[in-house]
Amino acid sequence: TSMIRFAMVLYQAGLNVFVFDGRGHGLSQGEFVTYGYHETRDISALIDYLIREHKVREKSIGLIGMSMGAAIALQVAA
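Residues numbered from 1 in each chain as written. Predicted model: local features only at pLDDT ≥ 70, side-chain atom pairs only at ≥ 80, totals over all residues. Heavy atoms only, no water.

### Regarding the overall build of the chain
Item 1. Along its length, the chain carries three helices and zero strands.
Item 2. Reading the chain from its N end, one meets helices and strands in the order α-α-α.
Item 3. Radius of gyration (C-alpha) of the chain: 13 Å, near the 12 Å computed for a compact globule of 78 residues.
Item 4. Sorting the 78 residues of the chain into buried and exposed places 17% on the buried side.
Item 5. Intrachain contacts of the chain at a sequence separation of at least 6 include 45% that bridge at least 24 residues.
Item 6. Carbon and sulfur atoms make up 57% of the accessible area of the chain, which totals about 6,300 Å².
Item 7. In the chain, which carries 7 positive and 7 negative side-chain charges, the distance between the mean positions of the two groups comes to 8 Å. (Helix = DSSP H or I, 4+ residues; strand = E, 2+ residues; numbered from the N terminus. Rg over C-alpha atoms; globule rule 2.2 N^0.38 Å. Buried < 20%, exposed > 50% of the residue type's maximum accessible area, 1.4 Å probe, protein only. Contact = heavy atoms within 4.5 Å. Areas by Shrake-Rupley, 256 points an atom, 1.4 Å probe, with all protein chains shown as cover. Lys, Arg positive; Asp, Glu negative; His and termini not counted. Charge placed at Lys NZ, Arg CZ, Asp CG, Glu CD.)

### Here's the deal with helix α2 (residues 37-54)
Item 1. Taking 1.5 Å of rise per residue, 18 residues should cover 26 Å, and α2 covers 26 Å from first to last C-alpha, within 8% of that figure.
Item 2. For α2, the set of buried residues is E39, T40, I43, L46, I47 and L50. Angular distribution of buried residues about the axis of α2 spans 120 degrees; they occupy a single face of the element.
Item 3. Just beyond α2, the residue with positive phi is K55, at close to 55 degrees. (Expected span 1.5 Å × (residues − 1). Arc of directions from axis to C-beta.)

Below, the structure is given as structure tokens:
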């Protein structure tokens, strides 16, 4: 829920927004956080899904995060 305020700003600016509930957080399954090991794979799979199923252009995808989410976003972007 900490990212909802940022998602709203982006949405109100006319962007499509996908808010990700990471494993072991919120309502997502999983008991353990792996500090990037599985989470980067989750985000990469999400990006592949958006490109494949929704024809989203790769260069139009942006990532934001706070704390561990920011570290994961940087790892995926690399």
